[in-house]
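Next come the chains, spelled out residue by residue.
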Amino acid sequence: MADPTGFLKYEREEPKKKSKEERLATWGEVYADVEPGERNEKVRKQASRCMDCGIPFCHSGGSGCPLGNLIPEWNDLVRRGDWAAASDRLHATNNFPEFTGKLCPAPCEAGCVLSISPLSGGPVSIKRVEQTIADQSWEAGYVQPQVSAVSSGQRVAVVGSGPAGLAAAQQLTRAGHEVTVYERDDRLGGLLRYGIPEFKMEKKVLDRRLAQLRKEGTKFVTGCEVGVDLTVEELRATYDAVVLAVGALRGRDDTTTPGRELSGIHLAMEHLVPANKYVEGDGPSPVDAAGKHVVIIGGGDTGADSYGTATRQGALSVTQLDQYPTPPSTRDDERSPWPTWPYILRTYPAHEEAGERKFAVAVTRFIGDDDGNVRAVELRQVRVVKDPETGKRMVTPVNDEVEELPADLVLLAIGFEGVEHMPLLDGLGLSLTKRGTLSCGSDWQTSSPGVFVCGDAHRGASLVVWAIAEGRSVASAVDAYLTGASDLPAPVHPTALPLAVV
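On a predicted model such as this, the values are computed, not experimentally measured, just so you know.

Chemist: Would you mind showing me how to read the side chain of threonine 100 here?
Modeler: Within the secondary structure, threonine 100 sits in helix α6 (residues 97-103). By relative accessible area, which is 2% here, threonine 100 ends up buried. Within the structure, the side chain of threonine 100 is placed 3.0 Å from the side chain of glutamate 130, a separation counted as a polar contact.

Structure representation (structure tokens):
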């Protein structure tokens, strides 16, 4: 069993990062390269902090990992140095642990029993252990194609090659179905490819998984918009089932602030996508922060991604704005008690490199020059309150003070409104919910027979771990639809929600 006193012997340690100067000089990942033997030994100590709790909230679907990752099991295997067995246990529940190890914000750590009290030294560094198992799995050759020994004779189309679509495709291919993944972009990966900056996950990590899927038999078609290049009639005639994993990429815009029409104001994805294409070798980005004062509106992950991208492009300054007050540095048990996701200040590596963040402020006006280009933003200190009758948020200035902030490039990172309007949905007779998502029944099937949905298209913009969990679950549902029953795991139900305080 685990070492019940491990957390008393070893302090929580984060992986070492490269120097700020080195990080800003390259697009590579921010973490320092460590010799595998040294890395593994450090992580074995971190895994020893796991107590193998009687009730492990870390892999509870409500308060921890929706994939149901067997965290105490592979923590103990790592503690004992059995990396091959740890790899087996990790891959038993997660198709792509290196994706979650790099990109997931780790609700499992928020649900760790050691998160109850700061006197414990902090939760087990589950994300670091997971990432190291994944790295060791590739280095030692544990990751091999799993080719199905049988063929069902059934054909499945997966529309979208993000984490949900790839997880569904891999599971269905391994179950013996003939799977083809369609991607409208020129390269595979969805947001993993063009939304996530290279400094968070190098694309070679994605490419090696895609190579595994190809060897297992999954087929891929890029540059194809289903519903246009491949008609709905052709789709229906060719495939026995369809999985929609099209994401929720319709960005939320600011249509009310005066001056929004000025040149130099963009949605964040209009900045991130061409920046990632530049790193792929596709030439200069049309939305470049080099030599500019950059203002990012929105305090979430997408804003942090634009933040780090702008600094690497050579911005003169970067300022990220958030309407809400500065979150506390430690968990407020009244607002977000354990094991719910804590409301705390989250500092990304990009925030350590350059620039600044401003809280409890809002832009009241975009200021332009004589040529119609944005040159500054007008800021007011604000308070966000909820209307008790309608429940809508109201942003109210707290005083008459106005600050003018230089801004040659403004990036709106204020969230996503749901699935993009596309001919495919019209052709299938599907409409969006009020949340901008696609609804489904308990079997993940939409109102269009034989058409299933998963990932952000169903849930709304969410975490990579939820996308993979839904992809695995929809694969089980499709397998049962095609064959009458399924042994594939289904870690989440379509109505599953993370534990939260209302």
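Chemist: What should I look at first to understand the nonpolar core in this one?
Modeler: Nonpolar side chains in soluble globular proteins tend to end up buried together. Membership of the largest hydrophobic core comes to 64 residues, with the highest contact counts inside it found for Trp74, Val156 and Val478. Per element, the largest residue contribution to this core is 11 residues, and it comes from helix α18 (residues 464-483). Summarising the domain contributions, this core has at least three residues from each of domain 1 (6-140) and domain 2 (155-249 + 418-483). When neighbours within four sequence positions are excluded, valine 156 is seen to be in contact with Leu172, His177, Glu178, Val179, Thr180, Tyr239, Ala241, Val243, Val478 and Leu482. Within the second largest apolar cluster, 22 residues are counted, among which are Val226, Leu230, Val419 and Met422.

Chemist: Before we go on, may I ask you to explain the sheet that holds strand β8 (residues 317-322) in this structure?
Modeler: What links the strands of a sheet is backbone hydrogen bonding, and the strands pair in either a parallel or an antiparallel sense. With respect to topology, 5 strands assemble into an open sheet ordered β6-β14-β7-β8-β9, the strand pairing being parallel. Both outer strands of the open sheet, β6 (265-267) and β9 (356-359), are each paired with one neighbouring strand and no more. Ignoring strand direction, the axes of neighbouring strands in this sheet form an average angle of 20 degrees. Pairing analysis gives 4 bridges linking β8 to β9, with the strands arranged parallel. Residue pairing for β9: threonine 319 is matched across the bridge by glutamate 356. Along the sheet, helix α13 (residues 268-280) makes contact with β6 and β14 (409-412), crossing β6 at roughly 75 degrees. Helix α14 (residues 301-313) contacts β7 (293-297), β8, β9 and β14 of the sheet and is inclined by roughly 170 degrees relative to β8.

Chemist: Can you help me understand helix α11 (residues 203-216) in this one?
Modeler: Each turn of an α-helix holds 3.6 residues, which means side chains three or four residues apart point in the same direction. Taking 1.5 Å per residue as the helical rise, α11 with its 14 residues ought to reach 20 Å, and the 20 Å between its terminal C-alpha atoms agrees with that figure. For α11, every residue scored as buried is listed here: Lys203, Val205, Leu206, Arg209, Leu210, Gln212, Leu213 and Glu216. Where α11 terminates, the next one or two residues include glycine 217, which has phi positive at roughly 120 degrees.

Chemist: Just checking my understanding: could you explain the environment of valine 377 for this structure?
Modeler: Structurally, the position occupied by valine 377 is in strand β11 (residues 374-386). Owing to a relative accessible area of 0%, valine 377 belongs among the buried residues under this scheme. Note: C-alpha distance between valine 377 and threonine 364 (13 residues apart in sequence) is 7.7 Å. Excluding anything up to four places from it in sequence, valine 377 contacts Val295, Val363, Arg365, Phe366, Glu403, Glu404, Leu405, Ala407 and Val410.

Chemist: Sorry, what's going on with the UniProt feature "domain: FAD/NAD(P)-binding" (unreviewed entry) in the chain here?
Modeler: Under the local residue numbering, the UniProt record ascribes the feature "domain: FAD/NAD(P)-binding" (unreviewed entry) to residues 155-471. Annotation note: span residues 155-471, helix share 27%, strand share 25%, distance between end C-alpha atoms 17 Å.

Chemist: In this structure, what is going on with the packing of helix α3 (residues 36-47) against helix α8 (residues 126-139)? I would like to understand it.
Modeler: Viewed as axis vectors pointing N to C, α3 and α8 meet at an angle of 145 degrees, and their least axial separation amounts to 10 Å. At the point where α3 passes α8, the crossing takes the left-handed sense. Taken together, the residues of α8 that come into contact with α3 (itself represented by Pro36, Arg39, Asn40, Lys42, Val43, Gln46 and Ala47) are Arg128, Val129, Thr132, Asp135, Gln136 and Glu139. The class makeup of the residues in the contact of α3 with α8 is 4 nonpolar, 4 polar and 5 charged.

Procedures and definitions
Numbering of residues starts from 1 in every chain and runs along the sequence as written. Only residues with pLDDT of at least 70 get local features here, since the model is predicted, and only at 80 or more are side-chain atom pairs given and counted; chain-wide, interface and lining totals rely on the full set of residues. Working from all heavy atoms in the structure, the side-chain values ignore hydrogens and water. Secondary structure elements are taken from DSSP: a helix is a run of H or I of four residues or more, a strand is a run of E of two residues or more, and numbering for both begins at the N terminus. For the exposure calls, accessible area comes from a 1.4 Å probe over protein chains only, and a residue counts as buried if that area is under 20% of its type's maximum, exposed if over 50%, partly exposed in between. By the criterion applied in these results, polar contacts are pairs of N or O atoms within 3.5 Å in which, for protein atoms, one can donate a hydrogen and the other can accept it, and in which residues neighboring in sequence qualify only through two side-chain atoms. In these notes, a set of buried Ala, Val, Leu, Ile, Met, Phe, Trp, Tyr and Cys residues joined through side-chain atoms within 4.5 Å is what counts as a nonpolar core. For the purposes of this description, domain bounds are those given by an automatic or database domain assignment. Contact definition: two residues touch when any of their heavy atoms are within 4.5 Å. Note: two strands are recorded as paired if DSSP finds a minimum of 2 bridges between them. Orientation is described by axes fitted as lines to C-alpha atoms, over the contacting stretch for helices, and by angles from 0 to 180 degrees between their N-to-C directions. The length a helix should cover is 1.5 Å for every residue beyond the first. UniProt positions are given in the numbering used here, feature names are shortened, and annotations may be inferred rather than shown by experiment. The sense of a crossing depends on the near helix, which, turned anticlockwise from the far helix by less than a right angle, makes the crossing left-handed and, turned clockwise, makes it right-handed. In this classification, the charged set is Asp, Glu, Lys and Arg, the nonpolar set is Ala, Val, Leu, Ile, Met, Phe, Trp, Tyr, Cys and Pro, and all remaining amino acids, among them Gly, are polar.

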